[in-house]
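A structural walkthrough
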Amino acid sequence: MNILVTGCSRGVGLEICRQLLQQGHTVYGIARTHTIEFQQLEDMYKGFVYFKNVDLSDAENAYKVVFKEFLGNKVVLHGYVNNAAMAYDDIITNLNLNKLEEMYAVNVLTPMMFTKYALRNMLLHHTAGCIIHISSISAHTGYKGLAMYASSKGALEAFSKNTAREWGGLGIRSNVVVPGFMETAMSSSLTEEQKDRIYKRTSLKQATLISSVAATVVFLLSDSAKSITGQNIHVDSGTI
Ligand SMILES: NC(=O)c1ccc[n+]([C@@H]2O[C@H](COP(=O)([O-])OP(=O)(O)OC[C@H]3O[C@@H](n4cnc5c(N)ncnc54)[C@H](OP(=O)(O)O)[C@@H]3O)[C@@H](O)[C@H]2O)c1
């Protein structure tokens, strides 16, 4: 299968690419940074992995570069994984409109445009493809300082549910994976004490494993998940 993965340079996106390649799929990766880790995948899986440097904060430019130049109509897209995101953390009384708009461009507007063009590619090639968005447990539990970020993930969850309803008749599926707190660059600014408080809210009392989140994405893309659509799948160490 040909899978478009955004945010492939590190963290969860890199691990999703790694697991997809291990299973013999072809990956089209998007990020601003062409990291050594992604280049290692390119060396290991020559002919099965491609990279495009794109800034997703500019939706208009990003969809043109990705769907017209990078993929074009010749690539038959079987899956789109919307993993890239940025976190704008602050309390609501400090809300800055410019920062909010930039985060919404990356987390919501560009993924909605990419969904439009991923669907068009699937329609063109009569593919019963699959779309997966990566949300966050913060959209369900609430965390101080994450209201703006969590709201962007809530928007994605509603969008995915409606994508599933709108295109399910053609076999196209849309699901959301909802991770708990993971040890990645995005969460690196938290202190050990803040992390401990987050872990205490989980049943397993530990961070969510990146590998578990990535494996769930790979499963949802597979034929084994053919009857799963419109769902939010929590991979969050049992956050309560
Ligand atoms: N970490 C957590 O605790 C946690 C918890 C719940 C949900 N999540 C979600 O899980 C997903 C993966 O997060 P992560 O922890 O792996 O984050 P990360 O380590 O910060 O990686 C984010 C990825 O998104 C890309 N990206 C960010 N802004 C971009 C832009 N403007 N244009 C293009 N690419 C951009 C980054 O690539 P470049 O910087 O190279 O462009 C990077 O590959 C995100 O959707 C996040 O919201 C994370």
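Relevant structure appears above.
Residues numbered from 1 in each chain as written. Predicted model: local features only at pLDDT ≥ 70, side-chain atom pairs only at ≥ 80, totals over all residues. Heavy atoms only, no water.

Some thoughts on the sheet that holds strand 3 (residues 49-53)
Rule in force here: Here, any two strands with at least 2 DSSP bridges between them count as paired. Secondary structure elements are defined from DSSP: runs of H or I of at least 4 residues count as helices, runs of E of at least 2 residues count as strands, and each element is numbered from the N terminus. Here an axis means a line fitted to C-alpha atoms, over the contact stretch when the element is a helix, while the angle between two N-to-C directions is reported on a 0 to 180 degree scale. Residues are treated as being in contact if the distance between any of their heavy atoms lies within 4.5 Å.
Judged by pairing direction, the sheet is parallel, and its seven strands sit side by side in the order 3-2-1-4-5-6-7 without closing on themselves. The two strands at the open ends of the sheet, each matched to only one other strand, are strand 3 and strand 7 (232-235). When strand polarity is set aside, the average angle formed by the axes of neighbouring strands in this sheet is 15°. Here three bridges tie strand 1 (residues 2-6) to strand 4 (residues 79-82), and the two strands are oriented parallel to one another. Bridge pairing in strand 4 places I3 opposite G79. Running over the sheet, helix 4 (residues 97-124) touches strand 1, strand 4 and strand 5 (130-134) and is turned about 175° from strand 4.

Some points on the site of the ligand
Cut-off, in case you're wondering: Only a single heavy atom is needed: when it lies within 4 Å of a molecule or strand, its residue is near that molecule or strand. Pairs of N or O atoms are called polar contacts if they sit within 3.5 Å, as long as, within protein, a hydrogen donor faces a hydrogen acceptor (for residues adjacent in sequence, only side-chain-to-side-chain pairs). Values of accessible area rely on a 1.4 Å probe in the Shrake-Rupley scheme; residue burial ignores everything except the protein chains shown. All residues other than Ala, Val, Leu, Ile, Met, Phe, Trp, Tyr, Cys, Pro, Asp, Glu, Lys and Arg, Gly among them, are scored as polar; the first ten of these are nonpolar and the last four charged.
Surveying the vicinity of the ligand reveals 29 residues, the closest of which are S9, T33, N83, Y149 and T184. D55 places a polar side-chain atom, nitrogen or oxygen, 2.9 Å from a nitrogen atom of the ligand. Backbone polar atom of M182 to an oxygen atom of the ligand: 2.8 Å apart, as the coordinates give it. Notes on the ligand: free accessible area 890 Å², of which the protein chains cover 96%. Those elements that place two or more of their residues in the shell around the ligand are helix 1 (11-22) and helix 6 (147-167). Tallied by class, the residues present in the shell around the ligand amount to 15 nonpolar, ten polar and four charged.

Observations regarding the packing of helix 3 (residues 59-71) against helix 4
Our working definition: Each helix crossing is assigned a hand: it is left-handed if the near helix lies turned anticlockwise from the far helix by less than a right angle, otherwise right-handed if that turn is clockwise.
The geometry of helix 3 relative to helix 4 is characterised by a closest axis approach of 9 Å and an angle of 35° between their N-to-C directions. Between helix 3 and helix 4 the crossing geometry is right-handed. Touching A59, A62, Y63, V66 and F67 of helix 3 are L109, T110, M113, F114, Y117 and A118, all from helix 4.

Structural notes on the pattern of salt bridges
Pairs may arise between side chains of opposite charge once their charged atoms sit close together. Selection rule: Criterion for a salt bridge: a side-chain nitrogen of Lys or Arg within 4 Å of a carboxyl oxygen of Asp or Glu. Whether a residue is buried, partly exposed or exposed follows from its accessible area with a 1.4 Å probe, protein chains only, as a fraction of its type maximum: under 20%, in between, or over 50%, in that order.
Under the counting rule described, the total for this entry stands at five salt bridges. E183 is paired through a salt bridge with K195; the nearest N and O atoms lie 3.1 Å apart. With E183 in the loop between strand 6 (173-179) and helix 7 (192-200) and K195 in helix 7, the pair connects residues that are twelve residues apart, well separated along the chain. Look at K195 and you get buried, because its relative accessible area is 8%. Linking E192 and K195 is a salt bridge whose minimum nitrogen-to-oxygen distance equals 3.8 Å.

Considering unusual backbone geometry
Positive phi is not limited to glycine here, since H126 has a value of about 55°. Structurally, the position occupied by H126 is in the loop between helix 4 and strand 5. Residue classification places H126 among the exposed residues on the basis of a relative accessible area of 74%. Even without a glycine there, the phi angle at S237 is positive, about 55°. As for its position among the elements, S237 is in the segment after strand 7. By relative accessible area, which is 10% here, S237 ends up buried.

Observations concerning helix 4
Counted only if it meets this: The span expected for a helix works out to 1.5 Å for each residue beyond the first.
Relative to the 40 Å expected for 28 residues at 1.5 Å per residue, helix 4 spans 38 Å between its end C-alpha atoms, a close match to the ideal helical length. Where helix 4 begins, the capping side chain belongs to N96, and its oxygen is found 2.9 Å from the backbone nitrogen of N98. One or two positions beyond helix 4, positive phi appears at H126, with a value near 55°.

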